[in-house]
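# A look at the structure
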Amino acid sequence: MEKEKKFDKIELDAGEEKQVSFVIAPEDLASINAPGEKIVEAEEFEFIINEQGGKCSIRRGAGKLMMRILFTIALLALLCCQTKQKEAMKEREVVQETAFLYIDTIARLGEGAIWNQETREFYWVDIEDGKVFTFNPLLEEMRMIPVGQRVGTVVPSSKEGHVVIALQDGIYSLNLETKEVKLLAAAPYDPSTTRFNDGKCDPAGRLWVGSMALDSKPHKAALYCFRGIQKVTQVLDSISISNGLCWSADRSTMYYVDTPTQTVQAFDYDDASGGISNGRVVVKIKDEGAFPDGMTIDSEGKLWIALWGGSGVVRYDPDTGKLLSRISVPAKNVTSCAFGGVNLDTLFITTASIGMNEEELAKYAMAGAVFAAIPGVRGVKTNFFKE
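Residues numbered from 1 in each chain as written. Predicted model: local features only at pLDDT ≥ 70, side-chain atom pairs only at ≥ 80, totals over all residues. Heavy atoms only, no water.

### Overview of the side chain of Thr 194
Just so we agree on the cut-off: What counts as a helix is a DSSP run of H or I of at least four residues, what counts as a strand is a run of E of at least two, and both are numbered from the N terminus. As used in this structure description, the phrase polar contact means that two N or O atoms lie within 3.5 Å; if the pair is within protein, one of them must be able to donate a hydrogen and the other to accept it, and residues adjacent in sequence are counted only when both atoms belong to side chains. Between two residues, a contact is recorded if the distance between any of their heavy atoms is within 4.5 Å.
Structurally, Thr 194 can be placed in strand E15 (residues 194-201). Polar contacts involving the side chain of Thr 194 include one to the side chain of Thr 193, which spans 3.2 Å. Contacts of Thr 194, omitting those with residues within four sequence positions, involve Gln 168, Tyr 189, Ser 211, Met 212, Ala 213 and Leu 214.

See the structure below:
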């Protein structure tokens, strides 16, 4: 039995009860003593404390004042008992929002959400159908460019009118006007068994892009870095499904997702060399059946993570690992997200129409479309590939 002196703070886990025994001395009882009554012995009480307050029973001792004492102690227990459950409830106060339909074009596997702040256009891809999309919100103008093979990601380029795309057999420059593609570097793997997946540029303009096995076998993929010198360098190996990437505002940390791990890792990042080190887990996705996919970072340094199988995008604090908010999306498989718009205050969200059974297909009729939300925080500018 745990001993407590007077009414110190009693901390409990949710749903927990704690048995507490303590002694009330005669001088402590004097304040509730009726005139003419005398307390000559200390009274020991046993309490069962829970998050609603406390119940008490006599452990030892008796006297005329017992009912008054019990009433007073029960009241004090109710007022003084501060529990871990209340703190946990505050921690579970997650901001809930719902995304709205933004672009109703249905992709099989929408991915690669990214904003070009120079042209004020939103880019994304349909991996399985081999299509690159651009959308100008001001003109309400969309372009669809078929590229002839699976396309893992698209990033803006410093070369005007161009983007860089990671196709199944290599990294290419794509002219958005002529739709011509130019090979920049061949894929560093066998394209018959592997393809590029998600990728982004670091603050120095290097393209980081990962891969995955076509049969999704674990530990058969890698993370690569392309510096524009016709050589793709492997940075991490034994990856399963390489996905979201982003960097901190001070250019000291890179965040990275390998989807099946249900975690986000942070790495110390050297902007001058592009080197990474000291990998550690900073976020754990605890939702059963929900896996981190694409990712972006906001102006407050918080991570926004699309959840494959999780019907939403979640915001986490990478310093504490705490879940801060959630945006519900009317699609089972949410694939990527990016802040955009003139003020970088709109979160664009891509989804997939594959990976669902018949019941889910009926439930999520617009799965594969692009959704959006206004979460009340701004994003950061996109890093361009330096050609």
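### A closer look at the pattern of salt bridges
Rules: Salt-bridge detection follows one rule: a side-chain nitrogen of Lys or Arg within 4 Å of a carboxyl oxygen of Asp or Glu. When accessible area is computed with a 1.4 Å probe and restricted to protein chains, residues below 20% of their type maximum are described as buried, those above 50% as exposed, and intermediate ones as partly exposed.
Taken as a whole, this structure holds 12 salt bridges when the rule is applied. A salt bridge links Glu 128 to Arg 150, with the shortest nitrogen-to-oxygen separation between them at 3.1 Å. With Glu 128 in the loop between strand E8 (121-126) and strand E9 (131-136) and Arg 150 in the loop between strand E10 (141-146) and strand E11 (151-156), this residue pair connects regions lying 22 residues apart in the sequence. We classify Glu 128 as partly exposed; its relative accessible area is 25%. Across the pair Lys 332 and Glu 360 runs a salt bridge whose closest N-O atoms are separated by 3.2 Å.

### Quick word on the confidence of the model for the protein
Which entries qualify depends on this criterion: Each residue gets a pLDDT score, which is the predictor's confidence in that residue and runs from 0 to 100.
Averaged over every residue, the pLDDT of the protein is 85; the share at 70 or more is 76%. Throughout residues 26-72 the model reports pLDDT below 50, and contacts reaching past four residues in sequence, or to other chains, amount to 95 contacts. Note that residues 74-91 has pLDDT below 50 and, in this model, 32 contacts with residues that lie over four places away or in other chains.

### A closer look at the packing of aromatic side chains
Where we set the bar: Centre distance within 6.5 Å is the pairing criterion for rings of Phe, Tyr and Trp, where only the six-membered ring of Trp is used; planes under 30 degrees apart are then read as stacked, over 60 as edge-to-face, and the remainder as tilted.
Tallied over the full model, the rule gives 13 aromatic pairs. On the basis of an interplanar angle of 55 degrees and a centroid distance of 5.0 Å, the ring pair of Tyr 102 and Phe 348 is categorised as tilted. With Tyr 102 in strand E6 (residues 100-103) and Phe 348 in strand E28 (residues 346-351), this residue pair connects regions lying 246 residues apart in the sequence. Here Phe 348 falls in the buried class, since its relative accessible area comes to 1%. Three or more aromatic residues link up through ring pairs in this structure, and these residues are Tyr 102, Trp 115, Phe 122, Trp 124, Phe 133, Phe 135 and Phe 348.

### Describing the sheet that holds strand E19 (residues 242-247)
To be explicit about the condition: At least two bridges found by DSSP between two strands are what make those strands a pair. Axis lines are fitted to C-alpha atoms, over the contacting stretch for helices. Their N-to-C directions set the angle, which ranges from 0 to 180 degrees.
Pairing is antiparallel in the open sheet, where 4 strands are placed in the order E19-E20-E21-E22. Edge positions in the sheet fall to E19 and strand E22 (276-284), since each has one partner strand and no second. For this sheet, the mean inter-axis angle between neighbouring strands, taken without regard to orientation, is 25 degrees. Here E19 pairs with strand E20 (residues 253-258) via 4 bridges, running antiparallel. Bridged to Leu 245 within E20 is Tyr 256.

### Remarks on the sheet that holds strand E24 (residues 303-308)
Sheet architecture is open: 5 strands sit in the order E5-E26-E25-E24-E23, paired in mixed fashion. Edge strands, defined here as strands with exactly one partner in the open sheet, are strand E5 (95-98) and strand E23 (291-297). Averaged over neighbouring strand pairs, the angle between their axes works out to 25 degrees when direction is ignored. Where E23 meets E24, 5 bridges bridge the pair, whose relative direction is antiparallel. When the bridges of E24 are listed, Ile 297 appears paired with Leu 303.

### Considerations on the pairing of E24
Counting buried positions along E24 gives 5 out of 6 residues, so the element sits mostly inside the fold. With 5 bridges joining them, E24 and strand E25 (residues 312-317) adopt antiparallel strand pairing. Counterpart to Leu 303 in the pairing with E25 is Tyr 316. Hairpin remark: E24 followed by E25, antiparallel, with 3 residues in the connecting loop; positive phi at Gly 309, about 80 degrees.

### A closer look at the nonpolar core
Condition: Here, nonpolar core means buried Ala, Val, Leu, Ile, Met, Phe, Trp, Tyr and Cys residues that are tied together by side-chain atoms lying within 4.5 Å of each other.
Ile 165, Ile 171 and Leu 207 are the most contacted members of the largest nonpolar core, which has 34 residues in total. Counting only elements with at least two residues in this core, the list comes to E8, E11, strand E12 (162-167), strand E13 (170-175), strand E14 (181-186), E15, strand E16 (207-213) and strand E17 (221-226). The dominant element in this core, judged by the number of residues it contributes, is E12, at 5 residues. In this structure, Ile 171 is in contact with Val 164, Ile 165, Lys 182, Leu 183, Leu 184, Ala 185, Phe 196, Leu 207, Val 209, Phe 226 and Val 232, ignoring residues within four places of it in sequence. The next biggest cluster of nonpolar side chains, apart from the first, holds 19 residues, and it includes Ala 306, Tyr 364, Ala 367 and Ala 369.

### Quick word on the pairing of strand E21 (residues 263-269)
Extensive coverage of E21 is indicated by the burial of 5 of its 7 residues. Pairing analysis gives 5 bridges linking E20 to E21, with the strands arranged antiparallel. For Tyr 256, the partnering residue across the bridge sits in E21 and is Gln 265. If you look at the hairpin formed by E20 and E21, you'll find 4 residues sitting between the two strands, and Gln 262 has a positive phi there, around 55 degrees.

### Concerning unusual backbone geometry
Of note in this structure, His 219 is not a glycine but carries a positive phi near 65 degrees. If you check the backbone angles, Leu 344 has positive phi at about 55 degrees while not being a glycine. As for its placement among the helices and strands, Leu 344 is situated in the loop between strand E27 (334-340) and E28. Taking relative accessible area as the criterion, Leu 344 reaches 13% and is therefore assigned buried.

### Quick word on the environment of Gly 301
Relative to the assigned elements, Gly 301 resides in the loop between E23 and E24. Through-space distance from the C-alpha of Gly 301 to that of Asp 319 is 9.2 Å; in sequence the pair is 18 residues apart.

### Looking at the side chain of Thr 346
Secondary-structure assignment places Thr 346 in strand E28. Residue classification places Thr 346 among the buried residues on the basis of a relative accessible area of 13%. Residues within four places of Thr 346 in sequence aside, it is in contact with Ala 338, Phe 339, Gly 340, Ala 372, Ala 373 and Ile 374.

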